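Examining the three-dimensional arrangement
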Amino acid sequence: MTNQYPTTQLRELDALHHLHPFTDHSSLRAGGARIIVQGEGPYIWDSEGKRVLDGMSGLWTANIGYGRRELAEAAHAQMLELPFYNTFFRTTHPPVVKLSRKLAEIAPDNLNQVFYGSSGSEANDTAIRLIRHYWALKGEPKRRIIISRRNAYHGSTIGAGSMGGMSHVHAHSYPVYDGFRHIIDPYWYGEAEDGESPEAFSIRAARALEEEILAIGPENVAAFAGEPVQGAGGVKIPPETYWPEVQRIIDKYGILLLADEVITGFGRLGTWFGSQHYGIRPDLITFAKAVTSGYIPLSGVIVNDKIADALMAHPEDFHHGYTFSGHPVACAVALKNIEIMEQEGLVPRVKEFAGPALAKMLAKFKDHPLVGEVRSIGLLGAIELVADKRTRRRFADPGRVGLICRDYFFREGFIMRHVFDTMVTAPPLIWRQEQFEEAEAVIGRVLDLTLSDVAGELAA
Ligand SMILES: Cc1ncc(COP(=O)(O)O)c(C=O)c1O
């Protein structure tokens, strides 16, 4: 649909009729929203004709970039052939069969069965129900508690929001849904004690899982849930020693591992799934976002043979499902998206070129007076803005400086998101050297602009 309204009118109508996600509606109504009208490759355009380099892939989503005709054509062809049919009542259709087969092929060993939804939140709600159902089928119905981590983001539904570890999300729904515990997240820069090495900190953070299991009683614990790299919490990259220790504890107590790969799935770390990068062995993987590069909503849970076998062994219904589970158009688009990633070698390219290019670019800013740390893994990166580089002291009123910086970024034609005062980026897998150079020039300018606003607050 082409845009037929002038910007001011669209803005007014938006403010009158549209409630946005995770938004302060009073300030949105006062200031109005930016209107994005087009995307092509790594760029988006707003309604005033401004071109912006999208350093967030939409929302960790548009991994193959915008404007790929092949995806539109796949949707068009599928809509003409079979626009919708459900997968309840023992029916199926070719796109969902082919996609399930493909996902089983690219997922880690033993993860061979897929249950579909439309959003990451739905996928995680499905995972929660599958985990609890699994233990009931195994004759251990007391195992209901899922241990997750503070600042984890697993979605916004009551289930996924409760499993996530963001207190501001909990504030709207607690105590609606019980049965989750949250331990420390492996965020060395923000959580380590003075002089604590990343390795020592990561072992402490992993052992918090064992302490929690013992405190609750292993017979009550169903699973541990974690994003291989926490994304929305601030691109918190665990030290390499973290996941092996977590896996050891999971194996020791025989609990399930749910890897939430809604961000790390589909190439972001240079492997199809982040679990493959870290060598962990999840029983369930949730995915969404980049499975279709965001061209159409689709999500799911891939489960291993252990869970699938338990379902097959019991002749009773799993009372769960969505009208759009395995939507044929979404599945057709996902298949085309994965085919493009394979044909263009986009996943190995993250390891060979794009990931190292991002790391090199970010490293140029580590000595900037505002910057406490830069970090990246694959195509996930972060810049910590701090008042005191030496002591890692933050600015007063967390998020204020990040917001200033975020707004400068948009003004200067580049999108980075702020998580409090951590600036995060997740470029699409298609960036070439010229996009890294463009981003580097903007980051330099924006850090200087932000510095000039807050210079008086910096440690001497
Ligand atoms: C790791 C993770 N899990 C789940 C979700 C929720 O996905 P959705 O917004 O599609 O419900 C997100 C969204 O950003 C996410 O980053």
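Preceding block: the structure.
Below is a short write-up of the structure. Position labels on residues start from 1 in each chain and follow its written sequence. The predicted nature of this model means local features are confined to residues of pLDDT at least 70 and side-chain atom pairs, given and counted, to a pLDDT of 80 or more, with totals for whole chains, interfaces and linings taken over all residues. To obtain the side-chain values, all non-hydrogen atoms of the structure were included, while hydrogens and water were left out.

1. Observations concerning the pairing of strand E1 (residues 36–40)
Note: E1 against strand E2 (residues 43–46), four bridges, orientation antiparallel. Counterpart to Glu40 in the pairing with E2 is Tyr43. In this analysis, strands are considered paired if DSSP registers two or more bridges between them. We count a stretch as a helix when DSSP gives it H or I for four or more residues in a row; a strand needs E for two or more, and each element gets its number in order from the N terminus.

2. Here we look at the sheet that holds strand E8 (residues 256–260)
What the seven strands build is an open sheet, ordered E4-E10-E9-E8-E7-E5-E6; its pairing is mixed. Each edge of the open sheet is held by one strand with a lone partner, namely strand E4 (111–117) and strand E6 (180–183). With direction set aside, neighbouring strand axes in the sheet form an average angle of 20°. As paired strands, strand E9 (residues 284–287) and strand E10 (residues 299–304) are joined by four bridges and run antiparallel to one another. Counted as the bridge partner of Thr286 is Val301 from E10. Pairs of residues are marked as contacts when any of their non-hydrogen atoms sit within 4.5 Å. Whenever a helix is involved, its axis is fitted only over the stretch in contact; in every case the axis is a line through C-alpha atoms, and angles between N-to-C directions fall within 0 to 180 degrees. Sheet contacts for helix H6 (residues 120–137): E4, strand E5 (145–149), E6, strand E7 (221–226), E8, E9 and E10; angle to E10, the most-contacted strand, approximately 30°.

3. Focus: the pairing of E10
Counted residue by residue, E10 has six buried out of six residues, so it is predominantly covered. Buried residues are those whose accessible area, probed at 1.4 Å on protein chains only, stays under 20% of the maximum for their type, while exposed residues exceed 50% and partly exposed ones sit between those limits. With burial as the criterion, each face of E10 is covered, one bearing Ser299, Val301 and Val303 and the other bearing Gly300, Ile302 and Asn304. Alignment of E4 against E10, held across six bridges, turns out to be antiparallel. If you follow Gln113 over to E10, its bridge partner there is Val303.

4. Considering unusual backbone geometry
Positive phi, normally seen in glycine, also occurs at Lys289, with a value near 35°. In this structure, Lys289 sits in the loop between E9 and E10.

5. Side note on the environment of Arg101
Note that Arg101 resides in helix H5 (residues 94–106). Under the relative-accessibility criterion, Arg101 is labelled exposed at 60%. On a C-alpha basis, the gap between Arg101 and Val114 in space is 9.0 Å, while along the polypeptide they are 13 residues apart.

6. Description of the nonpolar core
Take the buried Ala, Val, Leu, Ile, Met, Phe, Trp, Tyr and Cys residues and link them wherever side-chain atoms come within 4.5 Å; each set so joined is a nonpolar core. Counting 68 residues, the largest nonpolar core has Leu103 and Phe266 as the members making the most contacts within it. At nine residues, helix H14 (residues 328–343) tops the list of elements feeding residues into this core. Excluding anything up to four places from it in sequence, Leu103 contacts Val114, Tyr116, Phe266, Phe287, Ile302 and Ile338. Residues Leu209, Tyr253, Leu257 and Leu269 belong to the second largest nonpolar core, which totals 41 residues.

7. What to know about the site of the ligand
In the region of the ligand, the neighbouring residues are Ser119, Gly120, Ser121, Asn124, Tyr153, His154, Gly155, Glu227, Asp260, Val262, Ile263 and Lys289. Contacts to the ligand include Gly120, whose backbone N or O atom sits 2.8 Å from an oxygen atom. Each polar contact in these results corresponds to two N or O atoms within 3.5 Å; when the atoms are within protein, one needs to be able to donate a hydrogen and the other to accept it, and residues that are neighboring in sequence are counted only if both atoms are side-chain atoms. Here Asp260 contributes a side-chain N or O atom positioned 2.7 Å from a nitrogen atom of the ligand. Using a 1.4 Å probe, the Shrake-Rupley method yields the accessible areas, and only the shown protein chains count as cover for residues. Notes on the ligand: free accessible area 390 Å², of which the protein chains cover 84%. Put simply, a residue is near a molecule or strand once any heavy atom of it comes within 4 Å of that molecule or strand.

8. Describing the sheet that holds strand E12 (residues 380–385)
With antiparallel pairing, four strands are arranged side by side in an open sheet as E11-E12-E15-E14. Pairing within the sheet leaves two strands with one partner each, and these edge strands are strand E11 (371–377) and strand E14 (417–419). This sheet shows a mean twist of 20° between the axes of neighbouring strands, independent of strand direction. Note: E11 against E12, six bridges, orientation antiparallel. Paired with Arg375 across the strands is Ala382, a residue of E12.

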